[in-house]
Amino acid sequence: MTTDKQQEQQQEVELFFSTNLLEWYMVQRRDLPWRRHRNPYYIWISEIMLQQTRVDTVIPYFNRFIERFPTVESLADAPEEDVLKCWEGLGYYSRARNLQHAARQVKELYGGEVPNDRDAVFGLKGVGPYTAGAILSIAFNRPEPAVDGNVMRVLSRYFLLEDDIAKVPTRVKMERLAAKLIPEGEASHFNQALMELGALVCTPKSPRCLICPVMEHCAARLAGCETSLPVKTKAKPPRPEERLAALITGSGEHAGKVLIRQRPQSGLLARMWELPHWPAPPAEGGATGALLPEAAALDRLRRSLRQAGIPARPEGHWTAAEHTFSHIVWTLQVYICREEDALALPLAAEARASYGAAAEPAAGKLPAEPFADGDHPEDAGAVRWIRREDMAGYAFPNVFLKLLNSYFDEAEKEQL
């Protein structure tokens, strides 16, 4: 049972935390572009971009994005391809799609003004408890908690909380505590101060306790267990998947160009552009991560291209690359392939074929060659032959952006 004296001590610890943290922030806060105003649209953009992404990475993307889409209406009305291109390289592309969907909600429902209403903000696509709290507190100074991983780490250590932060009840508990700590009239600065402390001082592996403005009453530091908190259940590691990718170089009228294809309308990396690629068959013995013998890889890739109706011939291994998602890791073995002159691929495939079972080959495409083992490779979507200068018109996942730039760099050196 908590005594009156214990309650009084707890209140003192909480007040010390709020007061000292706020004073520290007003002196030490970083000059970040989204902190130079209270524009709720800009704050919203920054918070979406900062999800699972470092501040230094976000700054140039944020500046380009608000220059290209300075208002909610401009984002809502833009072609999705333009939004994805502006987001290119930032990753987690569902964030961009959800952001544009939500901008259309704001335009249609709230006249283009980000609402100063908890239920309305929560109702926007892609806006969860943390983002809603950040928008409402930072932009409108409303006393709403904004609890992310940084904040839960700070609170876990300062108050010596050993609850698993991967669990929903713990987040709810942290939100109640964070709301209780907000000084009256200082929600905007206080929530940013909490985030700042977690980002700069109370870091995950090596907390800088000696310069922490609240170290005096940090319960975890006093107990000598600051590096063991917070408690967090380890997430299931992403499963590995080997894939064979084709970097197809053109001949004749396509000389100097590379073939790219568009991904499906929905799902993983929807509507983005890439090099054609397919799952690799298991290596001999079924060893995960084992490289398929080159002869077998070339044969599988040749049949994959033929099944997709792409007239190209694999010639040899070029490079390897990796792309990590939250649930899967692609290891791409990339092979140089040459367009076969006998059947020239059209400049553009107007119909977007599905990535499911292969359809009947279109005119001018190779007939499908079935797999002996019964597998069916992913079929190609819309395709384009592009030069380097054409890349500006297409949005690529970062791994394919790097591969294409690397190839064009090599090709330009060879021409010197």
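Residues numbered from 1 in each chain as written. Predicted model: local features only at pLDDT ≥ 70, side-chain atom pairs only at ≥ 80, totals over all residues. Heavy atoms only, no water.

**What about the side chain of glutamate 226?**
Right, on to step 1. By the element assignment, glutamate 226 lies in the loop between α12 (219-223) and β1 (239-249).
Right, on to step 2. Here glutamate 226 occupies a buried position and makes no salt bridge, while the nearest side chain of opposite charge, arginine 221, is found at 7.0 Å.
Right, on to step 3. Excluding its chain neighbours within four sequence positions, the residues that come into contact with glutamate 226 are Arg157, Pro207, Cys209, Ala220 and Arg221. (Helix = DSSP H or I, 4+ residues; strand = E, 2+ residues; numbered from the N terminus. Buried < 20%, exposed > 50% of the residue type's maximum accessible area, 1.4 Å probe, protein only. Lys, Arg positive; Asp, Glu negative; His and termini not counted. Salt bridge = Lys/Arg side-chain N within 4 Å of Asp/Glu carboxyl O. Contact = heavy atoms within 4.5 Å.)

**Let's talk about the environment of phenylalanine 408**
Right, on to step 1. Counting through the fold element by element, phenylalanine 408 comes out in helix α14 (residues 398-415).
Right, on to step 2. Its relative accessible area of 5% is what places phenylalanine 408 among the buried residues.
Right, on to step 3. Residues within four places of phenylalanine 408 in sequence aside, it is in contact with Gly256, Val258, Ile386, Arg387, Arg388 and Met391.

**Considerations on α14**
Right, on to step 1. The terminal C-alpha atoms of α14 lie 26 Å apart, and with 18 residues this matches the ideal 26 Å at 1.5 Å per residue to within 8%.
Right, on to step 2. Listed as buried for α14 are Val399, Phe400, Leu401, Leu403, Leu404, Tyr407, Phe408 and Ala411. (Expected span 1.5 Å × (residues − 1).)

**Points about the environment of valine 329**
Right, on to step 1. Counting through the fold element by element, valine 329 comes out in strand β6 (residues 328-339).
Right, on to step 2. Taking relative accessible area as the criterion, valine 329 reaches 12% and is therefore assigned buried.
Right, on to step 3. In the structure, valine 329 is positioned 91 residues away from proline 238 in sequence and 6.1 Å away in space, judged by C-alpha atoms.

**As for the packing of aromatic side chains**
Right, on to step 1. Tallying each qualifying case throughout the model produces 14 aromatic pairs.
Right, on to step 2. Taking 6.2 Å as the distance between ring centres and 90 degrees as the angle between the ring planes, the aromatic pair formed by tyrosine 42 and phenylalanine 62 counts as edge-to-face. Residue tyrosine 42 is located in helix α2 (residues 40-49), and its partner phenylalanine 62 is located in helix α3 (residues 55-68); the two are separated by 20 residues in the primary sequence. Grouping residues by exposure puts tyrosine 42 and phenylalanine 62 together as buried.
Right, on to step 3. Grouped by ring-pair contacts, the aromatic residues Trp34, Tyr41, Tyr42, Trp44 and Phe62 constitute a single cluster.
Right, on to step 4. Above the face of the tyrosine 61 ring, arginine 64 is positioned so that its terminal group lies 4.7 Å from the ring centre.
Right, on to step 5. Sitting over the face of the ring of tryptophan 330, arginine 243 holds its NZ or CZ atom 5.0 Å from the ring centroid. (Phe/Tyr/Trp six-rings, centres within 6.5 Å; stacked < 30°, edge-to-face > 60°. Lys NZ or Arg CZ within 6 Å of the ring centre and 35° of its normal.)

**Examining the pattern of salt bridges**
Right, on to step 1. Under the criterion given, the structure shown has 22 salt bridges.
Right, on to step 2. When the shortest N-O distance is used, the salt bridge between aspartate 163 and lysine 173 registers 3.0 Å. Of this pair, aspartate 163 sits in the loop between α9 (149-158) and α10 (168-181) while lysine 173 sits in helix α10, placing them ten residues apart in sequence.
Right, on to step 3. A residue is classified by how much of its surface remains accessible, and aspartate 163, at 29% relative accessible area, is partly exposed.
Right, on to step 4. With a relative accessible area of 34%, lysine 173 lands in the partly exposed category.
Right, on to step 5. The partner of glutamate 274 in a salt bridge is arginine 263, and the shortest N-O contact between them spans 2.9 Å. Of this pair, glutamate 274 sits in strand β3 (residues 273-274) while arginine 263 sits in the loop between β2 (258-262) and β3, and the two are eleven residues apart along the sequence.
Right, on to step 6. Note on arginine 263: relative accessible area 8%, which makes it buried.
Right, on to step 7. One network of salt bridges, in which partners are shared, links Glu80, Glu81, Arg97 and Arg271.

**So, the confidence of the model for the protein**
Right, on to step 1. Looking at the protein, the pLDDT average stands at 88 and 88% of residues meet or exceed 70.
Right, on to step 2. Predicted confidence for residues 342-377 stays below pLDDT 50, and this span has 78 contacts to residues more than four positions away or in other chains. (pLDDT = per-residue confidence, 0-100.)

**Some points on the side chain of glutamate 241**
Right, on to step 1. Here glutamate 241 is to be found in strand β1.
Right, on to step 2. Residue glutamate 241 is classed as buried on the basis of its relative accessible area of 16%.
Right, on to step 3. Among the polar contacts listed, one links the side chain of glutamate 241 to the side chain of arginine 243, at a separation of 2.2 Å.
Right, on to step 4. Sequence-distant contacts of glutamate 241, that is, excluding residues within four places in its chain, are made with Pro279, Ile328, Val329, Trp330 and Thr331. (Polar contact = N/O pair within 3.5 Å; in protein donor to acceptor, adjacent residues only side chain to side chain.)

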